[in-house]
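Below are the chains, spelled out letter by letter.
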Amino acid sequence: MTIKIVNRGHQPLPAYATVQSAGMDLRANIDEPMVLHSMERRLVPTGLYIALPEGYEAQVRPRSGLALKHGITVLNAPGTIDADYRGEVGVLLVNLSDKDFTVNDGERIAQMVIARCEQAEFLTVEQLDETERGAGGYGHTGVK
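These numbers come from a predicted model, not from an experiment.

The rules behind the values
Residues numbered from 1 in each chain as written. Predicted model: local features only at pLDDT ≥ 70, side-chain atom pairs only at ≥ 80, totals over all residues. Heavy atoms only, no water. Salt bridge = Lys/Arg side-chain N within 4 Å of Asp/Glu carboxyl O. Helix = DSSP H or I, 4+ residues; strand = E, 2+ residues; numbered from the N terminus. Buried < 20%, exposed > 50% of the residue type's maximum accessible area, 1.4 Å probe, protein only. Pairing = 2+ DSSP bridges. Axes fitted to C-alpha atoms, helices over the stretch in contact; angles between N-to-C directions.

**Student:** Could you give an account of the pattern of salt bridges, with specific residues and numbers?
**Tutor:** Overall, the coordinates contain three salt bridges when judged by the stated rule. As a salt-bridge pair, R63 and D25 come within 3.3 Å of each other at their nearest N and O atoms. Taken together, the positions of R63 in the loop between β6 (56–61) and α1 (64–70) and D25 in strand β2 (residues 24–27) put the pair 38 residues apart, joining distant regions of the chain. There is no split in this pair, since R63 and D25 are both buried. Of the charged contacts, one joins R108 and D25 as a salt bridge, the two residues approaching to 3.1 Å between their closest N and O atoms. Of this pair, R108 sits in strand β11 (residues 108–116) while D25 is found in strand β2, placing the two residues 83 residues apart along the sequence. Through salt bridges with shared partners, a single ionic network connects D25, R63 and R108.

This is the structure in structure tokens:
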């Protein structure tokens, strides 16, 4: 698949780290370090603008190392970039730790996964078909 991209920043384009990687790293494109205080959220620019093919989305997801080591995650994970969006790709980071975290220019701050998505059409009915689970909610199936 080919995706058109404009890079108005000074970082390299996103790329897969390995042949079987699902996501590409997104990098901070900032002029000076950005401090994220405990429980603070900030939109971090990437300098990237993409045009996805119709029927696809880009999902912005946390990087596991930042989450584990520093408590930094993507607040609206996964963030969705729609196929018709043409603005800058930004990453909404939040610091869930009790320590300040500094985001530096060029730092890998999230990963982006390209995924096919379908649009649904709802059909109003009077009742739904029965299943074994039925209306059992969160935790209904228990621990086995």
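So, next bit.
**Student:** Describe in detail the sheet that holds strand β7 (residues 72–74), supporting the description with residues and values.
**Tutor:** Taken in spatial order, the three strands line up as β4-β9-β7 in an open sheet, and their pairing is antiparallel. The open sheet is flanked by β4 (41–45) and β7, the only strands paired with a single partner. Across this sheet, the average inter-strand angle for adjacent strands is 35°, counted without regard to direction. Alignment of β4 against strand β9 (residues 90–95), held across five bridges, turns out to be antiparallel. Each residue of the ladder has a partner; that of V44, found in β9, is V91.

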